[in-house]
Number of protein chains: 2
Amino acid sequence: MNRRREEEYELYYWPEIQGRGEFIRLALEEAAVPYVDVARLPESEGGGAGAITRLLNGERGNSLPFAPPVLHAGAMWIAQTSLILETLGPRLGLAPADEAGRVMCQQLQLTIADLVAEVHDAHHPIAPSLYYEDQKDEARRRTASFLKERLPKFLRYFEGALGDKEWMVGSVLSYADLSMFQVLAGLEYAFPHAIRDAARLVALGERVTKRPNIAAYLGSKRRIPFNTKGIFRRYPELDLARR
Amino acid sequence: MNRRREEEYELYYWPEIQGRGEFIRLALEEAAVPYVDVARLPESEGGGAGAITRLLNGERGNSLPFAPPVLHAGAMWIAQTSLILETLGPRLGLAPADEAGRVMCQQLQLTIADLVAEVHDAHHPIAPSLYYEDQKDEARRRTASFLKERLPKFLRYFEGALGDKEWMVGSVLSYADLSMFQVLAGLEYAFPHAIRDAARLVALGERVTKRPNIAAYLGSKRRIPFNTKGIFRRYPELDLARR
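All of the points below concern the structure found in this document. (Residues numbered from 1 in each chain as written. Chains lettered and ligands numbered in written order. Predicted model: local features only at pLDDT ≥ 70, side-chain atom pairs only at ≥ 80, totals over all residues. Heavy atoms only, no water.)

Let's shift gears to the overall build of chain A. Each helix and strand in chain A was counted, giving ten helices and four strands. Ordered by position from N to C terminus, the α and β elements of chain A give α-β-α-β-α-β-β-α-α-α-α-α-α-α. Relative to its length of 243 residues, chain A is compact, with a C-alpha radius of gyration of 18 Å against a globular reference of 18 Å. Taken over the C-alpha atoms alone, chain A extends approximately 60 × 45 × 35 Å along its principal axes. The buried share of chain A, taken over its 243 residues, is 57%. Here the analysis covers contacts within chain A between residues at least 6 apart in sequence; of these, 71% occur between residues at least 24 apart. Accessible surface, chain A: about 10600 Å² in total, of which carbon and sulfur atoms supply 51%. Of the charged side chains in chain A, 32 are positive and 32 negative, and the gap between their average positions amounts to 3 Å. (Helix = DSSP H or I, 4+ residues; strand = E, 2+ residues; numbered from the N terminus. Rg over C-alpha atoms; globule rule 2.2 N^0.38 Å. Buried < 20%, exposed > 50% of the residue type's maximum accessible area, 1.4 Å probe, protein only. Contact = heavy atoms within 4.5 Å. Areas by Shrake-Rupley, 256 points an atom, 1.4 Å probe, with all protein chains shown as cover. Lys, Arg positive; Asp, Glu negative; His and termini not counted. Charge placed at Lys NZ, Arg CZ, Asp CG, Glu CD.)

Now the structure itself:
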């Protein structure tokens, strides 16, 4: 028996984008636990996008996930980004110890997930199966509304939740802080002019980038650069839609 | 001290629609625990939509929710539908006892939440702040894609998760079953021709309606009828978009 191998975490997520998988990668990297980013292995070792489609097509039997990311942890196969983080949090020392704190941490994560879904739909308002080019006019309208109404509302909420504290929940770093950093980094990439009146969140993001394990990760090849295949996309015509 | 009063649950949700609040109402009704549906009280008793806006505007201090539903349970204020159910589940006897079961139950609930968000955006693809009439053409395109591609994918996933079992997770009813029923009822209202190849889910929904407490609730005035202000809306021109 190869015990170490069994205890490893396996992440299943698309290999060419940060996407929703990045929230899981950041937690595993901060905790410095060994994990396999399965689809980023060579195809000869079972990697590539085929690893994801095989999982979605039922290779693993009953517990079919609806969509990646999926984490294989011990005997469990867990889908849904927020749920993966909620389950990993206590194991990795990235969740508050008390119930009220854990609930608040997950509440923030779920609201981050809502924001991420709206960021995606800003460039794909009609259908995920259509090219961006086939829904560009609608994307411009939706992005204008997103940048004027929705994003400021989300940022006000997160600023209020952070308040004057160093971290989002309680007095220690949690997965909600890592996820908040990721969202801010994505927004900064996609909409360079959009983050306003959120100085405390920006400072939080900077604190996260200074964590030694996160700094090492961000400087490594494991961190996939933002690109226009992911959730956060830099389309200048959309960034300008707010005017 | 009025101990009973303190132990009651208070639900904060818009008083004129089922919406996301309905998932919480169904769990509380099935468990037959006393709860106050705050915004459905008369305004003279602190109810009405004003109860929600006061909460969102910060009357309760730091733990501002981003959006309703919000559940006040003991000392906790919990937002996010899935998280409310996850927290209530074990207390109401509506969640599996083992960790793998609890994780699966929440995974299903989060995927139901994703489906619900897509149902909403089918009639509001451009902006929640615009009237339906101002995004009707886009709604027709998005609904066509939703009914042809997305909904069948969700239904296949849920059918697979249910399999030949009586309930979605393990061998007893959980909040995932109540939520699945609610989604099927909403789809049946909004898109009467859309549910196909989901006979096992439909049978599950019927089993839920036969639970004595659910049957009593559905026959009561507490159950708000579906209407075209909620998430599930019957717009015949959208139902026909699939053709």
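Our next topic: the relation of the copies chain A and chain B. Here two copies of a chain appear, and what relates them is a rotation about an axis with a shift along it. It takes a turn of 180° to lay chain A on chain B, together with a shift of 0.0 Å along the axis; the resulting RMSD is 0.0 Å. Interpreted geometrically, this transformation is the action of a two-fold axis. For chain A, the residue whose C-alpha comes nearest the rotation axis is A:Pro125, separated from it by 2.8 Å. A shared binding surface is used by both copies, with 100% of the interface residues of chain A retained as interface residues in chain B. (Least-squares fit on C-alpha atoms with pLDDT ≥ 70 in both.)

What follows covers helix H8 (residues 199-209) of chain A. Residues and elements named next belong to chain A. Buried within H8 we find Leu201, Leu204, Gly205 and Val208. For H8, the buried positions fall inside an angular range of 100° around the axis, keeping them on one side. Its buried side turned inward, H8 meets helix H6 (136-162), helix H7 (175-190) and helix H9 (212-218). (Arc of directions from axis to C-beta.)

Quick look at empty space enclosed by the protein now. Overall, the coordinates contain seven cavities of 30 Å³ or more when judged by the stated rule. Estimates place the volume of the largest cavity at around 100 Å³. A:Ile17, A:Gln18, A:Gly19, A:Phe23, A:Val116, A:Gln182, A:Pro225, A:Phe226, A:Asn227, A:Gly230, A:Ile231 and A:Phe232 are the residues that line the largest cavity. In the lining of the largest cavity, the residues fall into seven nonpolar, five polar and no charged. As for the second largest cavity, its lining consists of B:Ile17, B:Gln18, B:Gly19, B:Phe23, B:Val116, B:Gln182, B:Pro225, B:Phe226, B:Asn227, B:Gly230, B:Ile231 and B:Phe232. Residues that form the lining of the second largest cavity fall into these classes: seven nonpolar, five polar and no charged. (1 Å grid on protein atoms, 1.4 Å probe; cavity = no way out; pocket = protein on both sides within 12 Å on 5 of 7 lines; lining within 4 Å. Points joined across faces, edges and corners; volume = space filled by probe spheres on them. Nonpolar A, V, L, I, M, F, W, Y, C, P; charged D, E, K, R; others polar.)

Put simply, an interface is often sized by how much accessible area is lost when its parts join up. Facing 38 residues of chain A, the contacting portion of chain B comprises 38 residues. Area buried by chain A at its contact with chain B is led by A:Phe66, A:Ile126 and A:Arg141, which between them contribute 21% of it. For the pair chain A and chain B, the interface holds 20 residue pairs in polar contact (both at pLDDT 80 or more). Elements supplying a minimum of two residues to the side of chain A that touches chain B: strand S4 (76-79), helix H4 (81-92), helix H5 (99-123) and H6 of chain A. A class-by-class count of the residues in the side of chain A that touches chain B yields 18 nonpolar, eight polar and twelve charged. (Buried area = accessible area lost by both parts, 1.4 Å probe. Polar contact = N/O pair within 3.5 Å; in protein donor to acceptor, adjacent residues only side chain to side chain.)

Another point: the packing of aromatic side chains. Residue and element names in this part refer to chain A. Inspection of every chain in the model, using the stated rule, returns 18 aromatic pairs over all chains. Measuring from centroid to centroid gives 6.5 Å for Phe154 and Phe158, while their planes differ by 20°, and the two rings are stacked. In this pair, Phe154 and Phe158 are both assigned in helix H6, four residues apart and thus about one turn of the helix distant. Comparing Phe154 with Phe158 shows no difference in burial state: the two are buried. (Phe/Tyr/Trp six-rings, centres within 6.5 Å; stacked < 30°, edge-to-face > 60°.)

The next subject is the side chain of B:Glu30. Residues and elements named next belong to chain B. Tracing the backbone shows Glu30 in helix H2 (residues 21-31). On the basis of relative accessibility, which here comes to 11%, the residue Glu30 falls in the buried class. Beyond its immediate sequence surroundings of up to four residues, Glu30 is in contact with Leu94, Leu173, Leu178, Arg211, Asn213 and Ile214.

Bringing the pairing of S4(A) into the picture now. All names here are of chain A. Residues of S4 alternate between two faces, with Met76 and Ile78 on one and Trp77 and Ala79 on the opposite face, all of them buried. The pairing of strand S3 (residues 70-73) with S4 spans four bridges and is classified as antiparallel. If you follow Ala73 over to S4, its bridge partner there is Met76. Following S3, the chain reverses through two residues before pairing antiparallel with S4; Gly74 in that reversal takes a positive phi of roughly 60°. (Pairing = 2+ DSSP bridges.)

This paragraph deals with the layout of surface pockets. Within this model, the second largest pocket holds a volume of roughly 510 Å³. A:Glu86, A:Arg102, B:Glu86, B:Pro90 and B:Arg102 are the residues nearest the centre of the second largest pocket, which is lined by 18 residues in total. Looking at the lining of the second largest pocket, the elements with two or more residues in it are H4 and H5 of chain A together with helix H4 (81-92) and helix H5 (99-123) of chain B. Among the residues forming the lining of the second largest pocket, the class breakdown is eight nonpolar, two polar and eight charged.

Our focus in this paragraph is the pattern of salt bridges. Enumeration according to the criterion identifies 30 salt bridges over all chains in this entry. With a closest N to O distance of 2.7 Å, A:Arg150 and A:Glu118 form a salt bridge. Taken as a pair, A:Arg150 in helix H6 and A:Glu118 in helix H5 lie far apart in primary sequence, 32 residues in all. By relative accessible area, A:Arg150 is classed as buried at 17%. Across the pair B:Arg25 and B:Asp37 runs a salt bridge, and its minimum N-O distance is 2.7 Å. One end of the pair, B:Arg25, is in helix H2; the other, B:Asp37, is in strand S2 (residues 35-37), and twelve residues separate them in sequence. Across the pair, exposure class does not vary: B:Arg25 and B:Asp37 are buried alike. Among the ionic contacts, a cluster of salt bridges with common partners joins A:Glu22, A:Arg25, A:Asp37, A:Arg40 and A:Arg223. (Salt bridge = Lys/Arg side-chain N within 4 Å of Asp/Glu carboxyl O.)

Now for unusual backbone geometry. Residue and element names in this part refer to chain A. In this model, Pro68 is joined to Pro69 through a cis peptide bond whose omega is 5°. On the secondary structure map, Pro69 appears in the loop between helix H3 (49-56) and S3. Within the chain, Gln80 stands out as a residue other than glycine whose phi angle is a positive 80°. Structurally, Gln80 can be placed in the loop between S4 and H4. Overall, Gln80 belongs to the buried group, its relative accessible area being 17%. Here the phi dihedral of Asp197 falls at roughly 55°; this positive angle occurs in a residue that is not glycine. Positionally, Asp197 belongs in the loop between H7 and H8.

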